[in-house]
Amino acid sequence: AAYERLIGEFPYERLVIAVADTENTRVSPGFITLNEKDADDIAFYVAQEYFGCAVITDPATDPFLRTGLSKYVSLLMLSEKEFSTALTKQLLPSISITVPGGLTPDSRLIRFSSEKEFETVVTLRGAAVLHEMRNSFGAQTFENALKIYYQNGKNGNTAYAIGSGYTPRPGDIIFVGY
């Protein structure tokens, strides 16, 4: 219910979560195969049902729109105290590292030599940037933009997420891949 209030209606008829003895957690439309080591981060994988399965981005050039956005949305599901703690422990350290390949505003997968590096630079730093956007524009404007991005990007390419008759108004935030 919390996800639906923040983002919109769940994109599938149901969600099945299976804990399995697998190396990696897998997310597919309406189904999450969760390994035991990722069980504590289930909110992240549920958010990926919205931003990764229903809203499709280019995984090579725009992974922050899947993982960074999913991470940030999963943090918004926490209580205020847990949210503050998670920001301090998870997101803030990601800002202090150097991006591989310089400061080009690019998150292509080929730039990273490990999963940990990708997680830090793309997922956590992406979530930190989204937090700054939410602080700058206000929670309500950010949440409205999140709903617009989700509704217009469902089952399609996010390059066309602004279409469908939507006309931006002053103060609107639109998440668009580049």
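Our subject is the structure that appears above.
Looking at the overall build of the chain
Next up, step 1: Assigned secondary structure in the chain consists of 6 helices and 5 strands.
Next up, step 2: Here the analysis covers contacts within the chain between residues at least 6 apart in sequence; of these, 58% occur between residues at least 24 apart.
Next up, step 3: Looking at the chain as shown, the accessible area adds up to about 9,900 Å², and 54% of this sits on carbon and sulfur atoms.

A short note on the side chain of Glu 49
Next up, step 1: Considering the arrangement of structural elements, one finds Glu 49 in helix α2 (residues 42-50).
Next up, step 2: The buried charged residue Glu 49 lacks any salt bridge, with Arg 66 as its nearest oppositely charged partner at 7.7 Å.
Next up, step 3: With near-sequence residues (within four places) excluded, Glu 49 lies in contact with Phe 10, Pro 11, Tyr 12, Leu 15, Val 27, Ser 28, Pro 29, Gly 30, Phe 31, Ile 32 and Ala 54.

Thoughts on the packing of aromatic side chains
Next up, step 1: For the structure on display, the rule yields 10 aromatic pairs.
Next up, step 2: Their ring planes at 75° and their centres at 6.2 Å tell us that Phe 51 and Tyr 150 sit as a pair that is edge-to-face. With Phe 51 in the loop between α2 and β4 (55-56) and Tyr 150 in helix α6 (residues 139-153), this pair connects stretches of sequence that are 99 residues apart.
Next up, step 3: Phe 51 sits in the buried class, given a relative accessible area of 0%.
Next up, step 4: Relative to Phe 142, the ring of Tyr 72 has its centre 5.8 Å away and its plane inclined at 90°; by these criteria the two rings are edge-to-face.

What about the pairing of strand β3 (residues 31-34)?
Side chains on a regular strand alternate between the two faces of the sheet.
Next up, step 1: Examined bridge by bridge, strand β1 (residues 16-19) and β3 share 4 bridges and lie parallel to one another. The partner of Ile 17 across the bridge, within β3, is Ile 32.
Next up, step 2: Looking at chain direction, strand β2 (residues 26-28) and β3 are connected through 3 bridges and run antiparallel. By the bridge assignment, Val 27 is partnered in β3 with Ile 32.

Considerations on the layout of surface pockets
Next up, step 1: A volume near 920 Å³ is recorded for the largest pocket.
Next up, step 2: Lining the largest pocket are 27 residues, and of these Phe 44, Tyr 45, Thr 67, Glu 115 and Glu 119 sit closest to its centre.
Next up, step 3: At the level of secondary structure, the elements contributing two or more residues to the lining of the largest pocket comprise β2, α2, α3 (67-76) and α5 (115-137).
Next up, step 4: In terms of residue count, α5 provides more of the lining of the largest pocket than any other element does, 6 residues in total.
Next up, step 5: The residue makeup of the lining of the largest pocket, split by class, is 8 nonpolar, 7 polar and 12 charged.

Regarding a nonpolar patch on the surface
Next up, step 1: A cluster of nonpolar side chains, contributed by Leu 15, Ile 17 and Ile 42, occupies part of the molecular surface with about 190 Å² of accessible area.
Next up, step 2: Along the polypeptide, Ile 42 turns up in helix α2.
Next up, step 3: Owing to a relative accessible area of 31%, Ile 42 belongs among the partly exposed residues under this scheme.

Rules behind the numbers
Residues numbered from 1 in each chain as written. Predicted model: local features only at pLDDT ≥ 70, side-chain atom pairs only at ≥ 80, totals over all residues. Heavy atoms only, no water. Helix = DSSP H or I, 4+ residues; strand = E, 2+ residues; numbered from the N terminus. Contact = heavy atoms within 4.5 Å. Areas by Shrake-Rupley, 256 points an atom, 1.4 Å probe, with all protein chains shown as cover. Buried < 20%, exposed > 50% of the residue type's maximum accessible area, 1.4 Å probe, protein only. Lys, Arg positive; Asp, Glu negative; His and termini not counted. Salt bridge = Lys/Arg side-chain N within 4 Å of Asp/Glu carboxyl O. Phe/Tyr/Trp six-rings, centres within 6.5 Å; stacked < 30°, edge-to-face > 60°. Pairing = 2+ DSSP bridges. 1 Å grid on protein atoms, 1.4 Å probe; cavity = no way out; pocket = protein on both sides within 12 Å on 5 of 7 lines; lining within 4 Å. Points joined across faces, edges and corners; volume = space filled by probe spheres on them. Nonpolar A, V, L, I, M, F, W, Y, C, P; charged D, E, K, R; others polar. Patch = residues over 30% accessible without salt bridge, like charges linked within 9 Å, V, L, I, M, F, W, Y side chains within 5 Å.

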